[in-house]
Amino acid sequence: MEKEYKVFSIVIKNITIEHGENLSINFMSSAGGIYEGTENVNRIDEVCLVRPYGIWKLKQEE
């Protein structure tokens, strides 16, 4: 996941350099790992990071 995150960060940085900071990017990701340990998910601001997968996906979204 760390390697994927590094590549993702480089791509986002290069897009920002090429198109400016005001560019809007819609990121679609499998965020299931972020809520993996949460029961009755009804509040988006509460996450439960159980495994490294969820931790790295949350970093990408941030």
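Look above for the structure.
Residues numbered from 1 in each chain as written. Predicted model: local features only at pLDDT ≥ 70, side-chain atom pairs only at ≥ 80, totals over all residues. Heavy atoms only, no water.

Enquirer: Sorry, what's going on with helix H1 (residues 2–19) here?
Expert: A turn of α-helix holds 3.6 residues, and therefore any two residues three or four places apart point the same way. In this model, H1 (18 residues) spans 26 Å end to end at C-alpha, consistent with the 26 Å of a helix rising 1.5 Å per residue. Gly20 sits one or two residues past H1 and shows a positive phi near 90°. (Helix = DSSP H or I, 4+ residues; strand = E, 2+ residues; numbered from the N terminus. Expected span 1.5 Å × (residues − 1).)

Enquirer: Explain the pattern of salt bridges here, please?
Expert: Close approach of charged atoms allows side chains with opposite charge to pair. Scanning the model with the defined rule gives two salt bridges in all. Notably, a salt bridge pairs Lys6 with Glu2, separated by 3.6 Å at the nearest N-O pair. With a gap of four residues between them, Lys6 and Glu2 both fall in helix H1, about one helical turn apart. Among the salt bridges present, the one from Glu4 reaches Lys57, with a minimum N-O distance of 3.1 Å. Pair noted here: Glu4 is in helix H1 and Lys57 is in helix H2 (residues 52–61), with a separation of 53 residues, a long-range link. (Salt bridge = Lys/Arg side-chain N within 4 Å of Asp/Glu carboxyl O.)

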